[in-house]
Amino acid sequence: MRYSVYLIVQVGKPLLLGLVLAGLGAGIGFAVHGLVPGVPVVLVAVAFGILLANTRGTPIAARPGLAFGSGALLKVGIVLLGFDLVLQETLRLGARGLAIVVVVVLATFFGTQWAGRRLGVSEGLSLLVATGFSICGVSAIAAARDVTVADEEEVAYAIALVTLCGTLAIVLLPALRGVLGLDDRSYGAWVGASVHDVGQVIATSS
């Protein structure tokens, strides 16, 4: 038993510092979100990471843990999050609602990649941005990063872009609701179809 514990500690030791930093960023994000519900947790965590990386720098010893947290650990979290989406609730959207979802996802995914090519953006970055905007933001980018040719800098650009645009939606879409004369149902459908992150959808629609 002691040997097993010792082995686990030795295996996990190189990952500890990175996981602590990731946990600190997440904790700060949740704390700020608790004080200001309109501010997404991911936005604060990304801002913390950017601030840390550009001031004190990311410790070399933290890189294995950060890679593990943003790779295998995050993918497990995405799978667990998916269990919250019940098939029956999805089917309650009806044929029209499901058709809108399919059209919006496909148009955003392929349209973003087309725009990226026209703008001279690299294939890897275009694919990550398209995935983030069309599916579920940062989680989708993290899940897709290993099947793209994007480097770490492009991954950071994609995460920053989808986080920024989702945060802007929290402010802009409610302001446009009155201008467009949308009722509750129409506004909810618009927000659900256009904002990619679940937390940002809730903040925008509430």
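Above this text you will find the structure in question.
Figured I'd write up the structure that's included with this text.

The subject of this paragraph is the overall build of the chain. The secondary structure content of the chain amounts to 10 helices and zero strands. Each helix and strand of the chain, placed in order from N terminus to C terminus, yields the pattern α-α-α-α-α-α-α-α-α-α. A buried classification covers 26% of the 206 residues belonging to the chain. Of the contacts made within the chain by residues no fewer than 6 positions apart, 57% connect residues no fewer than 24 positions apart.

One finds Leu125, Leu128, Val129, Val138, Ile141, Ala144, Ala150, Val155, Ala158 and Val162 forming the largest nonpolar core, which totals 10 residues. Residues within four places of Val129 in sequence aside, it is in contact with Thr112, Ala158, Leu161 and Val162. One finds Ala169, Leu173, Val191 and Val195 within the second-largest nonpolar core, a separate group that totals five residues.

Further remarks concern the packing of helix α2 (residues 41-55) against helix α8 (residues 152-180). Taken N-terminus to C-terminus, the directions of α2 and α8 make an angle of 135 degrees; their axes are 10 Å apart at the nearest point. The orientation of α2 relative to α8 falls into the category oblique. Read as a crossing pair, α2 and α8 show a hand that is left-handed. Contacts from Val42, Leu43 and Val46 in α2 reach Ile159, Thr163 and Thr167 in α8.

Rules used in this analysis
- Counting of residues starts from 1 at the beginning of each chain's written sequence and follows it residue by residue.
- Given that the model is predicted, a residue must reach a pLDDT of at least 70 before its local features are reported, and side-chain atom pairs must reach 80 or more before they are shown or counted; all residues, however, enter totals for whole chains, interfaces and linings.
- Only hydrogens and water are set aside when side-chain values are computed; all heavy atoms of the structure are taken into account.
- The helix and strand labels rest on DSSP assignments: H or I over at least four residues marks a helix, E over at least two residues marks a strand, and numbering proceeds from the N terminus.
- Three labels apply to residues, based on accessible area from a 1.4 Å probe with only protein chains included: buried if under 20% of the type maximum, exposed if over 50%, partly exposed otherwise in between.
- In this description, contact between two residues means that some pair of their heavy atoms is separated by no more than 4.5 Å.
- Residue types Ala, Val, Leu, Ile, Met, Phe, Trp, Tyr and Cys, when buried and joined through side-chain atoms within 4.5 Å, form a set referred to as a nonpolar core.
- Geometry is summarised by axes, namely lines fitted to C-alpha atoms with helices restricted to the contacting stretch, and by angles between N-to-C directions that run from 0 to 180 degrees.
- Roughly parallel means an angle under 35 degrees; roughly antiparallel, over 145; roughly perpendicular, 65 to 115; everything else is oblique.
- Crossing handedness is read from the near helix: turned anticlockwise from the far helix by less than a right angle, it gives a left-handed crossing, and turned clockwise, a right-handed one.

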